[in-house]
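# Structural features, examined
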Amino acid sequence: PQRTYIFTFLLSSRVFIHPHELLAKVGQICIKQKQQLETGTEAEKAKLKSFAAKIIQLLKEWTETFPYDFQDEKSMKELKEIAHRITQCDEENGTVKKIISQMTQNLLMALSARSQYQEIREKFRQPVTDKGTILKTKPQSSQKDILSVCCDPLILAQQLTYVELERVSNIYPEDLMQIVNHMDSLDNHKCRGDVTKTYNLEAYDNWFNCLSMLVATEICRVVKKKQRTRMVEFFIDVARECFNIGNFNSMMAIISGMNLSPVARLKKTWSKVKTAKFDVLEHHMDPSSNFCNYRTALQGAAQRSQTANSNREKIVIPVFNLFIKDIYFLHKIHTNRLPNGQINFKKFWEISRQINDFLTWKQVECPFEKDKKIQSYLLTAPIYSEEALFIASFESEGPENHMEKDSWKTLR
């Protein structure tokens, strides 16, 4: 079958059967075929060789796309046994041995890289509020802000894209399939227990929240109105550059940060901001008609990516939580099985098509060089809690109505 079919099959099979059980079934087929075709006639030998080639193709694609399926000993043992049998099917052909040993080597490298990343991630996995120190009161204006580290909106947008692509590269198709896999479904009862919970999706979601809160913090903590206005306009320009690059996730995080109540209530600041550019951004991210405008822009970026010659034009980073919601709704709307008991392959074909798009986008190499100073600031600058944001906001522009006066009293 074509690659897309194999991918869809391997991706969706885990909803119904554990990967190592599926691999064992492949192993059984190998034994049967080998016994049937071992009579020794030339025609049978040719059939056996052709069968071996197809099994190699399947294993190669399986180990490349879902290396994590082979992390337990059972699966690794099964893989080695199948490989051994396949080599026997075509012993005089040295290439078969070469392909299999190369495949095993690549698999071990992929597994080791992933476990290293997991160890690092375990160390740094902290809730969003722990990022940096949370300050209850406003710092002195002498404290460093984003503009002292980077005052060019394009460069900051590029550095945000660098962070995004780095985070996205650690999300795997089976992580995304967890959205379907963790649902309570009868089909799922036997393999749900030992699905390793993935933190990759959470970590990426946390990054979005951190960026939103960082934007709000940077704006609220500026004491002078003129400088605050400049900060707001700077972030509008950064979000616009993110949009032009195709980095919709950072763009959405920045807009979300500017729409948080402590920032949105700063009317005197906003009255000085040239809001035409912000209105354009808001239009792109308008939630009406299921984010119709955003989806049109995403489609445009995806088309540009397909025909692009440079990595710079290939970048597509979708709004991640919308992407996740789409998969979730596809799963909720359609049943896993058809009325006749067969698997609803059409549903899984559509889910895998969307996941496949995501995988294509995440493989783009970042065309921008890493700026350590900016990256360090983005990932370690102190972020205010919601409470601290309101305190900073009220200190900049006093409460305007009864509700605001009450909450200001409570906060003090």
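Once a new chain begins, its residue numbering starts again from 1 and follows that chain's sequence as written. The model is predicted, so local features are restricted to residues of pLDDT at least 70 and side-chain atom pairs to those at 80 or more, both for listing and for counting; the totals for chains, interfaces and linings are taken over all residues. Heavy atoms throughout the structure, all of them, feed into the side-chain values; hydrogens and water do not.

### Some words on the overall build of the chain
Basically, it comes down to this: In DSSP terms, a helix is any run of H or I states spanning at least four residues, a strand is any run of E spanning at least two, and both are numbered starting from the N terminus. Burial classes: relative accessible area under 20% of the type maximum marks a residue as buried, over 50% as exposed, and values in between as partly exposed (1.4 Å probe, protein chains only). Throughout, a residue-residue contact means that at least one pair of heavy atoms, one from each residue, lies within 4.5 Å. Note that accessible areas follow from Shrake-Rupley with a 1.4 Å probe, and for residues the cover is restricted to the protein chains shown.
A count of helices and strands for the chain gives 21 helices and zero strands. The buried share of the chain, reckoned over its 412 residues, is 48%. Put simply, 80% of the contacts in the chain that link residues at least 6 apart link residues at least 24 apart. Surface exposure of the chain reaches about 21,800 Å², of which carbon and sulfur atoms provide 53%.

### Brief notes about the environment of Val280
Mapped onto the elements of the fold, Val280 is located in helix H14 (residues 276-284). For Val280, a relative accessible area of 45% puts it in the partly exposed group. Remark: the alpha-carbon pair of Val280 and Arg240, spanning 40 residues in sequence, is separated by 8.9 Å.

### Focus on a nonpolar patch on the surface
Keep this limit in mind: What makes a patch is a set of residues exposed beyond 30% relative accessible area and free of salt bridges, joined within 9 Å when like-charged and within 5 Å when nonpolar (Val, Leu, Ile, Met, Phe, Trp, Tyr). What makes a salt bridge here is a side-chain nitrogen of Lys or Arg within 4 Å of a carboxyl oxygen of Asp or Glu, nothing more.
Nonpolar side chains collect at one region of the surface, where Tyr5, Phe9 and Trp349 lie side by side and expose about 280 Å² of accessible area between them. A relative accessible area of 35% means that Phe9 is categorised as partly exposed.

### Details of the side chain of Ser12
Within the secondary structure, Ser12 is located in helix H1 (residues 3-13). Ignoring any residue separated from it by four or fewer positions in sequence, one finds Ser12 in contact with Met177, Phe345 and Phe348.

### So, the confidence of the model for the chain
Operational definition: Per-residue confidence from the predictor is given as pLDDT, running between 0 and 100.
Looking at the chain as a whole, its pLDDT mean stands at 87, while 88% of the residues score no less than 70. Confidence drops under a pLDDT of 50 for residues 125-141, and excluding neighbours within four residues, the segment shows 39 contacts in the predicted structure. Counted against residues more than four places away or in other chains, residues 184-196, with its pLDDT under 50, gives 28 contacts.

### A few points about the packing of aromatic side chains
Our working rule: Pairing of aromatic side chains here covers Phe, Tyr and the six-membered ring of Trp, requires ring centres within 6.5 Å, and sorts the geometry by plane angle: under 30 degrees stacked, over 60 edge-to-face, intermediate tilted. Working rule: Lys NZ or Arg CZ, within 6 Å of ring centre, within 35 degrees of ring normal, means a charge sits over the ring.
What the rule picks out here adds up to 16 aromatic pairs. Ring centres of Phe7 and Phe66 lie 5.8 Å apart, and the angle between their planes is 15°; this geometry places the pair in the stacked category. Pair noted here: Phe7 is in helix H1 and Phe66 is in the loop between helix H3 (42-65) and helix H4 (73-89), with a separation of 59 residues, a long-range link. Ring geometry for Phe243 and Phe248: centres 5.7 Å apart, planes at 75°, overall edge-to-face. Put simply, the rings of Tyr204, Phe320, Phe323 and Phe358 touch in pairs and so form one group of aromatic residues. Seen from the ring of Phe66, Arg14 lies directly overhead, with NZ or CZ sitting 4.5 Å from the centre. One residue, Arg114, lies across the ring of Tyr68, its end atom 3.8 Å from the ring centre.

### A short note on the pattern of salt bridges
Evaluated as defined, the whole model comprises 13 salt bridges. Between Arg85 and Glu81 there is a salt bridge; the shortest N-O distance is 3.8 Å. Of the two residues, Arg85 and Glu81 both sit in helix H4, four residues apart, roughly one turn of that helix. The structure contains a network of salt bridges with shared partners spanning Lys77, Glu81 and Arg85.

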